[in-house]
Amino acid sequence: AGGNRVQIFTDELRAPVQEKIAAEARVRRALAGEQRITLPLWFQPVASSSTGQILGAEALVRMRTPEGEILSPFHFIGAAEETGLIVPLGEHVLRSAIDHLLHWSDRLGYVSVNVSPRQLAEPDFVPMVASILSRLPGFDPSRIVLEITETAVLSSTVDVSERLTALKQLGVRIALDDFGTGYSSLTWLKSLPADIVKLDRSFVAGLAEDPKKNSIIQAVLWLARSLGMSTIAEGVEEPADWEALRAAGCPAVQGYLFSKPLPAADFDEMLRRHHER
Ligand code: C2E
Ligand code: CA
Ligand code: CA
């Protein structure tokens, strides 16, 4: 390219761009109601660390392609965020999650959904949630948990704390997702009106064998508790880690050890079996 600069533009660099464009087009088609391509929700239970009882579930979006392939959010959430499609996608996720919760009403306490920074920054976000709730007379809004990440807070152009306060006034609960992966977590804990802290998997994995991790977890659990927040440990894969979390007083766990995220029909089956115990 002249001077000392060399420009490289190979297929390897082009491929991710094309993939992103393709992903965006697919999300658009799915949201437009095209039959052959859908955005189903999968559900991963959150269990009591002491009793193993299912307390709630996190809704995790997937894409089902016309070929029947199931794609993880990794393949399309980024593109949806960049193009703003995450806004209608997020609304679809929230509506669908609530539909499922109503269906499982007597068997499932709450459902949590992930809210991206872009959604939270939309002036229409809080009114949209309010409008959904207004059509559900008698429904307890605290059975909806909105998960937000620290990056959402840091990157946002709006006053996130104000927005979360408005959401809390509607009665929904707020969870701080991926806690421990950011940089200003303590400030964040103090300034945001959250109800639940979700400890990131990087903190949780190998906890039982790592005294330092254990100390950090204990400190975070203590901190969350004294700020009146509940805690969920994410990514629990090892029985020893579950036991360490239980012993440390972490009330709830989520992870492959208890269950992977399941398609709605399989989750339904799991709830059924769970309640027959
Ligand atoms: P997340 O919110 O942190 O969700 C947890 C992820 O960890 C899920 O991946 C889940 O399948 C995975 N996971 C759960 N237990 C374990 C475990 O024991 N071990 C390991 N290794 N992984 C575990 P998934 O479903 O692929 O979702 C990835 C991310 O995509 C989510 O991370 C979330 O940030 C995003 N996402 C998913 N659904 C939505 C959505 O509807 N809207 C938005 N904005 N983002 C979403
Ligand atoms: Ca989450
Ligand atoms: Ca997480």
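The rules behind these values
- Residues numbered from 1 in each chain as written.
- Chains lettered and ligands numbered in written order.
- Predicted model: local features only at pLDDT ≥ 70, side-chain atom pairs only at ≥ 80, totals over all residues.
- Heavy atoms only, no water.
- Donors = N, O, S within 2.8 Å, 3.2 Å for Na, K, Ca; no water.
- Helix = DSSP H or I, 4+ residues; strand = E, 2+ residues; numbered from the N terminus.
- Buried < 20%, exposed > 50% of the residue type's maximum accessible area, 1.4 Å probe, protein only.
- pLDDT = per-residue confidence, 0-100.
- Polar contact = N/O pair within 3.5 Å; in protein donor to acceptor, adjacent residues only side chain to side chain.
- Contact = heavy atoms within 4.5 Å.
- Expected span 1.5 Å × (residues − 1).
- Arc of directions from axis to C-beta.
- Salt bridge = Lys/Arg side-chain N within 4 Å of Asp/Glu carboxyl O.
- Near = heavy atom within 4 Å.
- Areas by Shrake-Rupley, 256 points an atom, 1.4 Å probe, with all protein chains shown as cover.
- 1 Å grid on protein atoms, 1.4 Å probe; cavity = no way out; pocket = protein on both sides within 12 Å on 5 of 7 lines; lining within 4 Å.
- Sits in = over half its atoms within 2 Å of the grid points.
- Points joined across faces, edges and corners; volume = space filled by probe spheres on them.
- Nonpolar A, V, L, I, M, F, W, Y, C, P; charged D, E, K, R; others polar.

1. Considerations on the coordination of the calcium ion (ligand 3)
Here comes step 1: Protein coordination of the calcium ion (ligand 3) is provided by Asp177 (OD), Asp178 (OD), Glu234 (OE) and Glu234 (OE), with donor distances spanning 2.2 to 2.5 Å.
Here comes step 2: Positions of the donor residues of the calcium ion (ligand 3), expressed as sequence spacing, correspond to D-D-x55-E.
Here comes step 3: Between the calcium ion (ligand 3) and the calcium ion (ligand 2), the interatomic distance is 3.9 Å, and Asp177 donates to each metal, bridging them. With a gap of 56 residues between them, Asp178 in strand 7 (residues 173-179) and Glu234 in the loop between strand 9 (230-233) and helix 11 (239-248) connect regions that are remote in the sequence.
Here comes step 4: In this structure Asp178 comes out as partly exposed when scored by relative accessible area, which is 27%.

2. Considering the confidence of the model for the protein
Here comes step 1: Averaged over the protein, the pLDDT score is 92; the fraction of residues at 70 or greater is 94%.
Here comes step 2: We note a pTM of 0.93 for the whole complex and an ipTM of 0.97 for its interfaces.

3. Quick notes on the side chain of Gln254
Here comes step 1: Mapped onto the fold, Gln254 is located in the loop between strand 10 (252-253) and strand 11 (262-263).
Here comes step 2: At 2.8 Å, the side chain of Gln254 and the side chain of Glu58 are in polar contact.
Here comes step 3: In this structure Gln254 touches Gln44, Pro45, Val46, Glu58, Lys198, Ile232, Ala233, Glu234, Gly235 and Val236, once residues within four positions along its chain are discounted.

4. Focus: helix 12 (residues 264-276)
Here comes step 1: Compared with the 18 Å implied by 1.5 Å per residue over 13 residues, the 18 Å span of helix 12 between its first and last C-alpha is a close match.
Here comes step 2: Turning to helix 12, its buried residues are Ala264, Phe267, Asp268, Met270, Leu271 and His274. For helix 12, the angular spread of the buried residues around the axis is 160°, confining them to a single face. Looking at helix 12, the residues exposed on the side facing more than 90 degrees away from the buried face are Ala265, Arg273 and Glu276.

5. Quick notes on the pattern of salt bridges
Here comes step 1: Under the definition given, this model contains twelve salt bridges.
Here comes step 2: Between Arg29 and Glu34 there is a salt bridge, with the nearest N and O atoms lying 2.9 Å from each other.
Here comes step 3: Glu58 is paired through a salt bridge with Lys198; the nearest N and O atoms lie 2.9 Å apart. Here Glu58, found in strand 2 (residues 54-61), pairs with Lys198, found in strand 8 (residues 196-199); they are 140 residues apart in sequence, far enough to count as distant.
Here comes step 4: Looking at Lys198, the relative accessible area reads 1%, which means it is buried.
Here comes step 5: Three or more residues joined by partner-sharing salt bridges are found here, namely Glu58, Glu147, Lys198 and Glu234.

6. With respect to the coordination of the calcium ion (ligand 2)
Here comes step 1: Protein ligation of the calcium ion (ligand 2) involves Glu58 (OE), Asn114 (OD1), Glu147 (OE) and Asp177 (OD), the donor distances falling in the range 2.2 to 2.3 Å.
Here comes step 2: By relative accessible area, which is 4% here, Glu58 ends up buried.
Here comes step 3: Exposure remark for Asp177: the relative accessible area of 6% places this residue in the buried category.

7. What to know about the site of ligand 1
Here comes step 1: Around ligand 1, the structure places 21 residues, and the nearest of them are Gln44, Arg62, Asn114, Glu237 and Tyr256.
Here comes step 2: In the environment of ligand 1, a nitrogen atom lies 2.5 Å from a nitrogen or oxygen atom belonging to the side chain of Glu237.
Here comes step 3: Expressed as a share of its isolated accessible area of 800 Å², the protein-covered part of ligand 1 is 79%.
Here comes step 4: Structurally, ligand 1 is housed in the largest pocket.

8. Comments concerning the layout of surface pockets
Here comes step 1: Estimated volume of the largest pocket: approximately 1100 Å³.
Here comes step 2: Those elements that provide at least two residues to the lining of the largest pocket are strand 2, helix 2 (77-83), helix 3 (86-103), helix 4 (117-121), strand 6 (144-149) and strand 7.
Here comes step 3: Broken down by class, the residue content of the lining of the largest pocket amounts to 14 nonpolar, ten polar and eleven charged.
Here comes step 4: Here the second largest pocket defines a volume of roughly 150 Å³.
Here comes step 5: What lines the second largest pocket is simply Pro16, Glu19, Lys20, Ala23, Phe74, His75, Phe76, Gly78 and Ala79.
Here comes step 6: Broken down by secondary-structure element, the contributors of at least two residues to the lining of the second largest pocket are helix 1 (11-31) and helix 2.
Here comes step 7: The element best represented in the lining of the second largest pocket is helix 1, accounting for four residues.
Here comes step 8: When grouped by side-chain class, the residues that make up the lining of the second largest pocket number five nonpolar, two polar and two charged.

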